[in-house]
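Remarks on the overall topology
The lines below spell out each chain.
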Amino acid sequence: MGRIKDSFERAKNQESKTLITYYVAGDNNLNFSKKVFLKLLSYADIIEIGVPFSDPMAEGSVIQRSHERALSSDITFKKILSLVNKLRVHNQDKPIVLMGYMNNFLSQGESLFKKIKNAGVDGLIIVDLPYEESEFFYNKLKDIDLDLIRLISPTTPKKTIEKIVKFSSGFLYYVSFRGVTGAKLSNFKEVQDNVKYIKSKTKLPVVVGFGIKEGEIAQKMSKISDGVVIGSRLIDIVQQNNFRLNDSLKFLEKSLKKFRRDVRKK
Amino acid sequence: MTNKTNNYNYPDKNGRFGSFGGRYVSETLISALEELESLYKKIKNDKKFQEELTNDLQTFVGRPSPLYFAKRWTDKLNGAKVFLKREDLNHTGAHKINNTVGQVLLAKKMGKKRIIAETGAGQHGVATAAVCARHGIECIIFMGSEDIERQAQNVYRMKLMGAEVCPVSSGTSTLKDAMNEAMRDWVSYIDDTHYIIGSVAGPHPYPMIVRDFNSIVGTELKKQSKILFGKYPDKIVACVGGGSNAMGIFYPFIKDKEVDLIGVEAAGSGLSSGKHAAPLSDGSPGVLHGMKTYLMQNSDGQILGTHSVSAGLDYPGVGPEHSFLKDMGRVHYEAATDKEALKAFHDLSRVEGIMPALETSHALAWVSKNAKKLKKSDIVVVNLSGRGDKDMQSVAKADGINF
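Anyway, here's the lowdown on the structure attached to this text. Computed from a predicted structure; not experimentally measured. (Residues numbered from 1 in each chain as written. Chains lettered and ligands numbered in written order. Predicted model: local features only at pLDDT ≥ 70, side-chain atom pairs only at ≥ 80, totals over all residues. Heavy atoms only, no water.)

1. Structural notes on the overall build of chain B
- Broken down by element type, chain B carries 17 helices and 14 strands.
- If you line up chain B on its principal axes, its C-alpha atoms span 55 × 50 × 45 Å.
- Counting over 403 residues, chain B shows a buried share of 66%.
- When the accessible surface of chain B is summed, it comes to about 14200 Å², and 50% of that surface belongs to carbon and sulfur atoms.
- Each charge sign in chain B was given a centre, from 51 positive and 45 negative side chains, and these centres are 6 Å apart. (Helix = DSSP H or I, 4+ residues; strand = E, 2+ residues; numbered from the N terminus. Buried < 20%, exposed > 50% of the residue type's maximum accessible area, 1.4 Å probe, protein only. Areas by Shrake-Rupley, 256 points an atom, 1.4 Å probe, with all protein chains shown as cover. Lys, Arg positive; Asp, Glu negative; His and termini not counted. Charge placed at Lys NZ, Arg CZ, Asp CG, Glu CD.)

2. Observations concerning the interface of chain B and chain A
- In this assembly, 37 residues from chain B lie in contact with 37 residues from chain A.
- Linking chain B with chain A are 4 salt bridges.
- The residue A:E133 makes a salt bridge to B:R16 at a minimum N-O spacing of 2.7 Å.
- The tally of links from chain B across to chain A stands at 27 residue pairs in polar contact (both at pLDDT 80 or more).
- At the level of elements, α2 (27–43), α9 (175–188), β11 (284–288) and β12 (291–295) of chain B are the ones that each hand at least two residues to the side of chain B that touches chain A.
- If one sorts the elements of the side of chain B that touches chain A by residue count, α9(B) sits on top with 8 residues.
- When the residues that make up the side of chain B that touches chain A are grouped by side-chain class, the tally is 10 nonpolar, 16 polar and 11 charged. (Contact = heavy atoms within 4.5 Å. Salt bridge = Lys/Arg side-chain N within 4 Å of Asp/Glu carboxyl O. Polar contact = N/O pair within 3.5 Å; in protein donor to acceptor, adjacent residues only side chain to side chain. Nonpolar A, V, L, I, M, F, W, Y, C, P; charged D, E, K, R; others polar.)

3. Details of the state of the cysteines
Residues and elements named next belong to chain B.
- One pass over the full model with this rule turns up 0 disulfides over all chains.
- Cysteine C132 remains unbridged, with the sulfur of C139 as its closest cysteine sulfur at 3.8 Å.
- Judged by relative accessible area, C132 falls into the buried class, the value being 1%. (Disulfide = S-S within 2.5 Å.)

4. Comments concerning the layout of surface pockets
Residues and elements named next belong to chain A.
- By volume, the largest pocket is sized at about 420 Å³.
- Around the largest pocket sit 19 residues that line it, and F8, E9, K203, L204 and P205 are the ones nearest its centre.
- The leading source of residues in the lining of the largest pocket is helix α1 (residues 2–13), at 6 residues.
- Considering only residue class, the lining of the largest pocket consists of 6 nonpolar, 4 polar and 9 charged. (1 Å grid on protein atoms, 1.4 Å probe; cavity = no way out; pocket = protein on both sides within 12 Å on 5 of 7 lines; lining within 4 Å. Points joined across faces, edges and corners; volume = space filled by probe spheres on them.)

5. Observations concerning the sheet that holds strand β4 (residues 81–85) of chain B
Residue and element names in this part refer to chain B.
- Read across the sheet, 6 strands follow the order β3-β4-β14-β9-β10-β13 without closing on themselves; strand pairing throughout is mixed. Edge strands, defined here as strands with exactly one partner in the open sheet, are β3 (67–69) and β13 (331–337). Taken over all neighbouring pairs, the strand axes of this sheet differ in orientation by 30° on average, direction set aside.
- Contacts from helix α11 (residues 216–229) reach β3, β4, β9 (235–239) and β14 (379–383) within the one sheet, and its direction differs from that of β4 by about 140°. (Pairing = 2+ DSSP bridges. Axes fitted to C-alpha atoms, helices over the stretch in contact; angles between N-to-C directions.)

6. So, the pairing of β14(B)
Residue and element names in this part refer to chain B.
- By the criterion of burial, β14 is predominantly enclosed, with 5 of the 5 residues buried.
- Judged by which residues are buried, β14 turns out to be covered on both faces: I379, V381 and N383 on one side and V380 and V382 on the other are all buried.
- The sheet contact formed by β9 and β14 spans 3 bridges and is parallel. Across the sheet, the residue bridging to I236 is V381, located in β14.

7. Re the sheet that holds strand β6 (residues 138–144) of chain B
All names here are of chain B.
- Across the sheet, 4 strands lie side by side as β7-β6-β5-β8; this open sheet has parallel pairing. One side of each edge strand has no neighbouring strand; the edge strands of this open sheet are β7 (164–168) and β8 (193–195). With strand direction ignored, the average angle separating the axes of adjacent strands in the sheet is 25°.
- Where strand β5 (residues 114–119) lies against β8, 3 bridges are found, and the strand directions are parallel. The partner of R114 across the bridge, within β8, is T193.

8. A word on the packing of aromatic side chains
- All told, the structure shown has 22 aromatic pairs over all chains when counted by the stated rule.
- When the ring of B:W186 is compared with that of B:Y195, the centres are 5.9 Å apart and the planes differ by 65°; the resulting orientation is edge-to-face. Across this residue pair, the class does not change: B:W186 and B:Y195 are buried.
- Aromatic pair B:W186 and B:Y206: ring centres 6.2 Å apart, planes at 70°, arrangement edge-to-face. Of this pair, B:W186 sits in helix α9 while B:Y206 sits in helix α10 (residues 206–214); the two residues are 20 residues apart in sequence, bridging distant segments of the chain. For the pair B:W186 and B:Y206, a shared accessibility class is recorded, and that class is buried.
- Three or more aromatic residues link up through ring pairs in this structure, and these residues are A:F113, A:F136 and A:F137.
- One residue, A:K220, lies across the ring of A:F188, its end atom 4.5 Å from the ring centre. (Phe/Tyr/Trp six-rings, centres within 6.5 Å; stacked < 30°, edge-to-face > 60°. Lys NZ or Arg CZ within 6 Å of the ring centre and 35° of its normal.)

9. As for helix α14 (residues 320–328) of chain B
- Summarising burial for α14(B): 7 of the 9 residues are buried, a large majority.
- At the C-terminal side of α14(B), B:G329 shows a positive phi close to 80°.

10. Details of the environment of A:V24
Residues and elements named next belong to chain A.
- Among the structural elements, V24 can be located in strand β1 (residues 18–24).
- When its relative accessible area of 0% is taken as the criterion, V24 is described as buried.
- Each C-alpha atom, one on V24 and one on S107, is 19 Å from the other, the two residues being 83 residues apart in sequence.
- Setting aside anything within four residues of it in sequence, one finds V24 in contact with S33, F37, G50, P52, I63, S66, H67, A70 and I235.

11. Observations concerning the pairing of strand β8 (residues 227–230) of chain A
Residues and elements named next belong to chain A.
- Neither face of β8 is open: one carries G227 and V229, the other V228 and I230, and all of them are buried.
- With 2 bridges connecting them, strand β7 (residues 206–209) and β8 associate as parallel partners. Looking at β8, one finds that V207 is bridged to G227.
- With helix α10 (residues 215–223) bridging β7 and its parallel neighbour β8, the resulting β-α-β unit is right-handed. (Right-handed = clockwise from strand over helix to strand, strands pointing away.)

12. Observations regarding the nonpolar core
- Counting residues in each nonpolar core, the largest one holds 159 residues, and the members touching the most others are A:I49, A:L98 and A:I116.
- Of all the elements, α2(B) adds the most residues to this core, at 8 residues.
- Excluding anything up to four places from it in sequence, A:L98 contacts A:I49, A:V51, A:F77, A:I80, A:L81, A:V84, A:F105, A:I116, A:V121, A:G123, A:L124 and A:I125.
- Listed in part, the 33 residues of the second largest apolar core include B:V210, B:L280, B:I379 and B:V381. (Core = buried A, V, L, I, M, F, W, Y, C linked by side-chain atoms within 4.5 Å.)

Pasting the structure below:
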């Protein structure tokens, strides 16, 4: 559990909150996404690699289309792991987390854990992982020093929060509103209260994600938490540039620099 | 199998049917599912609730549905005696309404102001629109854009009853994508919305609730067959897409081992063609729509596109209890092709004057193929789950006729 823990420490030492980015492997092809991830690795503290699924139930339209494009470029789990491997050659310090849906991870069988460890993955976020199976995944990942990052939402009862944090490691991901990725933020006060409550129940860092599109929101959210996750916004940028590589990377860099400043403690 | 059948009491406290079922959804939905489960457990045996439900089933749906002897078809098949459990005579034309009249009462008890549903063939959408109109509740139906085209009349019926129909064009633009979209809507409006899932699918407690509300079909059949035959049927046959009509008629008979239960999936262009919707016959276990069950998927866990002439069976998964019943061997699952189903559709229409839904026609196709192999004294009951009025366009198209 080295890299994730270190990344939060490092951000702290630099008087900053943690900046986490999400992008989908294989959107709109493997090589394009590799270039995007390399860019993200140079500005973000942690990168989440979206594992595309044919039925991404928790995603808004931007990320849905991204999954669809990735799948039509013939992305496979094997290719994603070799992508991580290549990214690791360029960067040995920053955590890489796979985020996806249960069925894609299940399809790998028991060898999943060994494969992701060998590729250089640091943790998993499984959107539709049920409680009863979280202990199993937590222990399996713990055995190989990887983290199981769990989501907590505004509708999670307080009692359940205590259950969730028990089988979580790395950090906790607070979903900022009732909705799918990329929708608009609703209630800041609620986020503030819930993050505070979660932090009273765990020593793990708590980050906020879903709906963080603008610097202003990133700033507000990072003040009350340990970091923010930017996802749909990045895919938006690439889409707006029609997947032209140089333009996409240029505008991503601009946006990332801005988010970087926004999460700095002031 | 014997022990498991005798003590059959599923789902367990985690919402599991053996290793199947469960609750694989994003965290935001968990509390709503827990609320639904605890309310349902509390009121399912409540006398007042049961009275209200029974009254609706009798006066709004038109229950009990008759058990009909298909005499001319039996003569033609020259084998076992074939009876039809006439769910096609229900209000709105299919078994789907058994579930929606129950779930709308649950929604009201929870104080929900808005109801959403997914639909494939449109029967569940129509059945939901009807109960919402009757109770004056806002109703939004998610439907794949491909299905909207195939089932234009049902779309209009829903609109006439005041429902809003939202086209879904993500993924394959069919039932599975409509279900994804309904889940996304539900996450976004969780506080005031109830999601009426139309099949014995989805996260716990849906497979249980939808089964329970539909099991009125099997419960009635038990009484009717005791009176009519002095015994239970030898075989009960039902089509299986998500599997709600089949679960409804099978469930009360699970412990009665002398009754053979046969579920018929959609073999589309044939099981070997890969173009079908038969996860139990040619799929593998995985997770979709909040449940672990047999799915049509590739080795990476991506869900495959399906094909069936009937929109209602065009689904890559199946209710988790069916997966469980398959593995324990209590229900026997087979499949019928588009061609066989269409032939059965025509046969029943001509010989009995009953036009079955294309979904139902798959169950009839199994009977066509197998009645002759059975004893003449055997009694086969087919769950005639829906009427075929909605399928005129598809049947005409298959016959090369343009309106």
